[in-house]
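Letter by letter, the chains look like this.
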Amino acid sequence: GLVQECLDVIYEQNLRIVGLHRLPITLAVGSMGDINPEGVYSHPKALAQCSEWLWDNYPESRQIATTSTAQAAKQVGEFQSGGLAIASLEALREYGLEIIADDVGNKKHGRTNFTDFYLLSRDNEQPYDPSREYLTMVAITPHIDEPGLLARILMQVDYYGLNNAKIHSRPALDDVNLSRNGEPQMFYLEVMCHQQSPEFRRCIESLEFKLTPKGKDVEVVRVLGSYERPIL
């Protein structure tokens, strides 16, 4: 999955996404010999990714959130907290835990969990090969406040024949003054095309026109970069 806070950092530092590496996640379970543990330690996302295994094997155990999967292994191994830790095999072995189960992540339709890592650069462009499939991340910060705003944005994407792969809603990072009370929002859209495609450029121009208040010089759309679409 995607950690949305990473997109915020990319936006604030004005960086460009030039590549994406998809890394499969393989999680294991370790212990210090507890047969009937009261608690299972791990990062909240790891606990969620292993929910089926936990339900089948330890439905009564309390799930205890840690700051990372490595911290879970340390908590059980080094701090002698007892219970189970869900982490990578390497982390469990580093802290001397006995491996009691491997590859315990949920598998939907036979697919394992994964996390995406972006390759970042200060440069604007990477070579574009029309024979390959691309994704483009766009940050949209509307400076208008109207009902159905997100629907209007997606209608523009559809109007220009583009497919949207993901949508992330976040509190706006820019200073946005709206007529009504409420927290200004921004949206990250991952569009299934390259930023050099004519349809994409026309879509961006249309969004800028529709989302910019008259007489205002503000940034409402920023292209964060194009990158090859990973193979699932």
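Here the structure is a predicted model, which means the values were calculated and not measured.

Asks: Report on the sheet that holds strand β10 (residues 185-191), specifying residues and quantitative values.
Replies: In space, the 4 strands of this open sheet follow the order β9-β10-β8-β11, with antiparallel pairing throughout. Both outer strands of the open sheet, β9 (164-171) and β11 (221-228), are each paired with one neighbouring strand and no more. Neighbour-to-neighbour, the strand axes of the sheet open up by a mean angle of 15°, direction not taken into account. Where strand β8 (residues 134-140) and β11 come together, 7 bridges link them in antiparallel fashion. Looking at β11, one finds that Thr136 is bridged to Ser226. Along the sheet, helix α1 (residues 4-12) contacts β8, β9, β10 and β11; its crossing angle with β9, the most-contacted strand, is approximately 80°. Taken strand by strand, helix α6 (residues 149-159) contacts β8, β9 and β10, and its axis lies near 25° from that of β10.

Asks: So what about the pattern of salt bridges? Which residues, and what values?
Replies: Per the counting criterion, the structure on display carries 10 salt bridges. Two residues, Asp103 and Lys107, come together in a salt bridge whose shortest N-O distance is 3.0 Å. Glu228 is the partner of Arg132 in a salt bridge, and the nearest nitrogen-oxygen pair spans 3.4 Å. Here Glu228 lies in strand β11 and Arg132 lies in the loop between β7 (114-121) and β8, a separation of 96 residues in the sequence. Judged by its relative accessible area of 45%, Arg132 is partly exposed. Classification of Glu228 as partly exposed rests on a relative accessible area of 38%.

Asks: Mind laying out the nonpolar core, listing which residues take part and the relevant values?
Replies: In this structure, Ile140, Leu162, Phe200 and Leu211 are the most contacted members of the largest nonpolar core, which totals 20 residues. For this core, the elements supplying multiple residues, two or more each, are β8, α6, β10, α7 (198-211) and β11. Leu15, Ile17, Tyr118 and Tyr227 belong to the second largest nonpolar core, which has 14 residues in total.

Asks: Account for α6, with residues named and values stated.
Replies: Along an α-helix, residues three or four positions apart point the same way, because every turn accommodates 3.6 residues. Residues of α6 that are buried: Leu149, Ile153, Gln156 and Val157. Taken end-on, α6 shows its buried residues confined to a sector of 100°, consistent with a single buried face. Pointing more than 90 degrees away from the buried face of α6 are the exposed residues Met155, Asp158 and Tyr159. Phi turns positive, to about 70°, at Gly161, one or two residues after α6.

What counts, and at which threshold
Residues numbered from 1 in each chain as written. Predicted model: local features only at pLDDT ≥ 70, side-chain atom pairs only at ≥ 80, totals over all residues. Heavy atoms only, no water. Pairing = 2+ DSSP bridges. Helix = DSSP H or I, 4+ residues; strand = E, 2+ residues; numbered from the N terminus. Axes fitted to C-alpha atoms, helices over the stretch in contact; angles between N-to-C directions. Contact = heavy atoms within 4.5 Å. Salt bridge = Lys/Arg side-chain N within 4 Å of Asp/Glu carboxyl O. Buried < 20%, exposed > 50% of the residue type's maximum accessible area, 1.4 Å probe, protein only. Core = buried A, V, L, I, M, F, W, Y, C linked by side-chain atoms within 4.5 Å. Arc of directions from axis to C-beta.

Geometric descriptors of this kind do not, in isolation, establish any biological role.
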